[in-house]
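# Descriptive analysis of the structure
Given next are the chains, with one letter for each unit.
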Amino acid sequence: MRSEHSINFPSQAVSDLEKLNEDYGLKIARAIKHEWFSGSTHKYNINKESFRKLRLYARGEQSIQKYKNELSINGDLSYLNLDWTPVPIIPKFVDIVVNGMAQRSYEINCFSQDEFGVSKRTEYMESIVRDMKSKRFTELAKEKFEIDLYENDPETLPNSEDELTLHMQLDYKQAVELAEEQALNVLMEGSDFDLVRRRCLYDLTVLGIGATKTTFDWSDGAKAQYVDPANLVYSHTDSPYFDDIYYVGETKEIPINELVSEFPDLTEKEIKEIIDKRGGYESYVRSSSDKNKVQVLYFNYKTHMNQVYKLKTTGSGGEKLIEKDDQFNPPKEKQEEGGFEKLERCVEALYEGVYIVGCDKILRWRMCPNMMRTDSDFSKVKMNYQIVAPRMYEGRIESMVGRITSFADMIQLTHLKLQQVMARMVPDGVYLDADGLAEVDLGNGTNYNPQEALNMFFQTGSVIGRSFTADGDQNPGKIPIQQISNGVNSGKLQSLTATYNYYLQMIRDVTGLNEARDASTPDRNALVGVQKMAAANSNTATRHILQSMLFLTAEVAECLSLRISDIIEYSPTRDAFIRTLGSHNVATLEEMKNLHLYDFGIFIELMPDEEEKAMLENNIQIALSQKTIDLDDAIDLRGVRNIKLANQLLKVKRKAKVEKEQKMQQENIKAQSQANQEAQKAAAQGEIQKKQAMSQAEAQLEQTKNQMKIQYLQQEAIVKKDLMQYEFELNHKLQNIQRQTSSELEMARENRKDDRVDRQAGHQKEMINQRSGGDTLKKFESSGNDILTGSANIK
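This is a predicted model, so every value here is computed, not measured.

Calculation rules
- Residues numbered from 1 in each chain as written.
- Predicted model: local features only at pLDDT ≥ 70, side-chain atom pairs only at ≥ 80, totals over all residues.
- Heavy atoms only, no water.
- Helix = DSSP H or I, 4+ residues; strand = E, 2+ residues; numbered from the N terminus.
- Buried < 20%, exposed > 50% of the residue type's maximum accessible area, 1.4 Å probe, protein only.
- Contact = heavy atoms within 4.5 Å.
- Areas by Shrake-Rupley, 256 points an atom, 1.4 Å probe, with all protein chains shown as cover.
- Salt bridge = Lys/Arg side-chain N within 4 Å of Asp/Glu carboxyl O.
- Axes fitted to C-alpha atoms, helices over the stretch in contact; angles between N-to-C directions.
- Left-handed = near helix turned anticlockwise from the far one by under 90°.
- Nonpolar A, V, L, I, M, F, W, Y, C, P; charged D, E, K, R; others polar.
- Pairing = 2+ DSSP bridges.
- Parallel < 35°, antiparallel > 145°, perpendicular 65-115°, else oblique.
- Phe/Tyr/Trp six-rings, centres within 6.5 Å; stacked < 30°, edge-to-face > 60°.
- Lys NZ or Arg CZ within 6 Å of the ring centre and 35° of its normal.
- Patch = residues over 30% accessible without salt bridge, like charges linked within 9 Å, V, L, I, M, F, W, Y side chains within 5 Å.

When its secondary structure is counted, the chain shows 27 helices and 17 strands. Expressed as a percentage of its 795 residues, the buried residues of the chain come to 37%. A sequence separation of at least 24 residues applies to 74% of the contacts in the chain between residues at least 6 apart. When the accessible surface of the chain is totalled, it reaches about 47800 Å², and 50% of it is carbon and sulfur.

Here you go:
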C-alpha cells in the first residue's frame, strides 16, 4: 500500500524553479490527501477514531454500548435495571503518571560547540592547568618577591584532574551560554511551554504519541505550540523519533473569517467556492456541524535544492561571488574564456503549504523562510514539527491506556454483574408451621396464634413448641417457627469481588503502577525501604514516557535556539526581547547576531526526584558521620542538581578530605618529630648550659675565694705591719727604758756604797723577775708575725 501511495508524489528530480511552482505543491497536497483521506483505509479517520476512543477511556467516558450488547438477550434490556455509568478506573492511573511527571522540574543547559566557544573553553582550561602545575613556584614567587602570577582565583583552583573536570561541568559558564539559556527560558515562558508540556505528557500516556510545533513570524517572534496527534499526517516511518519523515502536517478546523484574515488575497468567488464545496471533504474528515468552519491542511515538505554560485575574478585581482539558479550551467570553455567558475552544493530545503481538502485548492506554497539549520551540519534542515512515539513499531503506536482498555471493560462488566446479583438478593425470612402452632396450648385459656408467635419470636427470640400432639404422637411441627436464610448469592458476590480485584491487579501488572506508586494500599508491616523500592520500580516502568517528553523539550529548545538570531536580526519584537533579557546578556547576543559564530548544544537536565534526593542525602549523612567530608562540602553537594555529578563530586570531596587528612597527619608527624628533635636539642643545650653555669659558678667561687684570700692576706699584711710597727715601738721603748735603767744603775753604783748597790741590784732583779716571770727580760719581737703565711691558714 505504501508503494501505491508513494507513486502519487511528484518527482524530486526537477529544478528548483519547478518546485517553487504552485502546481508542484498541489500535486504534493493531493498525494497526502490520497494517502490519508481517501481510499479504502481512511488512515486519518482510523487514527482519529482510535485516539478518540483512548481519550474517552482515559476520562472514564467510554461507550457503554458494548456492555449492553454483552448483557442483553437479543437486544432486549427491559429486564435490566442497572447503572451503566462506566467505572472510572483508568483516569486514576493516567493522573498518577501525568501528575507525577509534570511536577518533575528541569533545567536547560547550553554549551557553545562552535570553534570560537570551544577555543575559549580550551584556553580557560589550559590556564587552570598552568596554575595547577605552577602552584608551588607561584606561591614561592608571591612569598619571596610579592609577585602574583596566578591567572585565576587561587582559592577556587582545583587540586586534581577529577576536580578540574567537575569544575568545568559545574562552575564554568561562558557569558554567551548564560545569555542563550536565559533567552530560551524567556521564549518558553512566552509560549506557556509548561502547559504545552503537560498536554504532551497526557498524550504520551493516553495515545502513545506527543507532538509540538515551533513557529516564527515577524509580529510574535518565535513560539512553541501544542499539536494534537489526532490531527497529524506524516510520511511512513519506523523511527519512534520521526527523524526520517519527508513530509508532515496537521489539519485544523478554522472559521471562515480567520481563514480570510490569514489569506487576505482570497476573492469573494474563491471564498464562496470553499464554502459550497465544504461538504466535499466531510467524507474524508469527521468535522463539526458548524457550516462556517473549513478543514485546512498545513504541511511541510522536505526536499533538496541546488545552491549555485558564479565565482568571478575581477580586474583588480579580487573575487566576486554571484548567486545563480540551478539552471546556470555554462560549458567549461565558456567559463575559462569568461574568467569565472561555477560553484554548487546540494542541501536540504523545506517547503510549506496550506491546502483545503474538500475543494482541492492550495492557498499557499512557498519555500520556508528562515529555515532552521545547525552550523555543525548546514546541509540538513529541521522541520517545524517535533514528534515522538516511544513504543511505535511498523507504524503502529502503542500506549499505556491502550494496554489496559480490555481489563477496564472486564472491570465494568464485573461491576454490572455485581449490580445484577445485588438486585436479585432478598432479605432473610421465617417459616411458620400452622399445624405446629395449633398443637400448642399455653394453659391459660388463650390461643397461640401465628401473629402472637411472631411477636414473641422477634421480641424475645424464643419459640414455644410441642414434641407430641394431643393424641400422644410425634409432632413433626415441634418447632413451629424457623428462620429462612436467603444468602444464596453471597458466594457469587465474593467471586465477583475477587474477579474485580483480579482485573484491577492485572492493570497494575501491565502498567507497572503498583500500590506503592499511589499509596492506595500500603502494608503497615512493610518496611519503608521496601515501599520505596516498589515505587522506584514503578517509576522505571513509565520512564520511557518521561524520556520522550525530555526529547520533545530538547528539540523545542534547539529549534528556538536557532530562531533567536532571527529574532534579534529581523523580528520587530527584538527590542522587547532584548529588554526581557537585560542589558548584560544582550552584549553577548549582539556578538551572535553580528558574527554568527555561535552554535549551541542543548541539554535538558532533569531535576532529581524525592527518591534520588533521599539517596544522595543518605550518602551525605554517611560521609558526614564518617567525617570524610566537612559541612561546607555537604552544602555544596546539596546545591548540585545533577545526581550523577553530585555523586562524582562526593567522591572527589571524600578523596580530597582523605588526602588532606593524610597530609595533615604527615605534617603533624613531621612537626612532632621536629618538636622532639628541638626538645632533645634544647635538653642537650640546657645540659651544656647547666654544666657551663656550674663551671662558671665554680670558677666564680674559686675567683671569689682567691679574691677573699688576697683580701685576707692584704688585711693580714696590714695588721701584721701595724703589729710589727707596734712591736718595734715597744722594743724601742723597752731599749730606752733598759738604757735608762742601766744608766741609773750605774749612777747608783757610783753614788752609793756597795751595800746600797747590792740592795738596789737585788731589788732590781726582783722587779725584773716579777715583770718577765723569769730570770730573763721579755722580748717584744713577734715570732712569725712578720711572715704573711705564718699563722694565717685560709682554706
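On to the pattern of salt bridges. As enumerated under the stated definition, the model contains 21 salt bridges in all. Measuring nitrogen to oxygen at the nearest pair gives 3.0 Å for the salt bridge that ties Asp-409 to Lys-66. Of the two residues, Asp-409 sits in helix H15 (residues 400-424) while Lys-66 sits in helix H5 (residues 65-71), which places them 343 residues apart along the sequence. Asp-409 sits in the buried class, given a relative accessible area of 12%. For Lys-66, a relative accessible area of 34% puts it in the partly exposed group. Residue Glu-181 pairs with Lys-173 through a salt bridge whose shortest N-O separation is 2.5 Å.

As a further point, take the packing of helix H9 (residues 161-170) against helix H26 (residues 643-751). Look at H9 against H26: their axes get within 10 Å of each other, and the N-to-C directions meet at 145°. Crossing of H9 over H26 shows left-handed handedness. Here Asp-162, Glu-163, Leu-166, Gln-169 and Leu-170 of H9 come into contact with H26, specifically with Leu-645, Gln-648, Leu-649, Val-652, Lys-655 and Ala-656. Here the residues of the contact of H9 with H26 are counted per class, giving six nonpolar, two polar and three charged.

Strand S2 (residues 210-217) sits mainly inside the fold: seven of its eight residues count as buried. Direction of pairing for S2 relative to strand S12 (residues 385-388): antiparallel, over a ladder of four bridges. The residue bridging Ala-211 from the neighbouring strand is Ile-387, located in S12. Here S2 runs beside strand S3 (residues 221-226); their pairing, made up of six bridges, is antiparallel. Residue pairing in the sheet places Thr-215 in a bridge with Lys-223 of S3. Counting the residues in the hairpin turn of S2 and S3 gives three residues.

The N-to-C vectors of helix H6 (residues 90-102) and H15 enclose an angle of 155°; their axes lie 11 Å apart at closest approach. On the basis of the axis angle, H6 is roughly antiparallel to H15. Remark: the crossing between H6 and H15 carries right-handed chirality. In this structure, H6 contributes Ile-90, Phe-93, Val-94 and Val-97 to the contact, and H15 contributes Met-400, Val-401, Ile-404, Thr-405 and Ala-408. Here the contact of H6 with H15 is composed, by residue class, of eight nonpolar, one polar and no charged.

Another point: the sheet that holds S3. Taken together, three strands build an open sheet; the order of strands is S3-S2-S12 and the sheet is antiparallel. With one partner strand each, in any of the chains shown, S3 and S12 form the two edges of the open sheet. Across this sheet, the average inter-strand angle for adjacent strands is 15°, counted without regard to direction. Against the sheet, helix H11 (residues 193-206) contacts S2, S3 and S12, and its axis sits at roughly 30° relative to S3.

A word on the packing of aromatic side chains. The full count for this structure, using the stated rule, is 14 aromatic pairs. Considering the side-chain rings of Tyr-246 and Tyr-247, the 5.3 Å spacing of their centres and the 70° angle between planes classify their relative orientation as edge-to-face. For Tyr-247, a relative accessible area of 0% gives the class buried. Among the aromatic residues, those joined into a ring-pair cluster are Phe-9, Tyr-246, Tyr-247 and Tyr-301. The positively charged end of Lys-173 is found above the aromatic ring belonging to Phe-111, 4.4 Å away from the centroid. Note that Lys-252 overlies the ring of Tyr-298, its terminal NZ or CZ placed 5.4 Å from the centroid.

Once that is clear, we can look at a nonpolar patch on the surface. A grouping of Phe-137, Phe-145, Ile-147 and Leu-149 is seen on the molecular surface, where their side chains present a nonpolar patch of about 450 Å² in accessible area. With respect to the element layout, Ile-147 can be found in the loop between helix H8 (135-145) and H9.

Turning our eyes to something else, we now look at unusual backbone geometry. Its identity as a non-glycine residue notwithstanding, Glu-146 has a phi of 60°, on the positive side. Note on placement: Glu-146 falls in the loop between H8 and H9. Classification of Glu-146 by relative accessible area gives exposed; the value is 73%. Unusually for a residue other than glycine, Asp-360 sits at a positive phi of about 55°. Within the secondary structure, Asp-360 is located in the loop between strand S8 (340-356) and strand S9 (361-367). According to the relative accessible area criterion, Asp-360 is partly exposed, its value standing at 29%.

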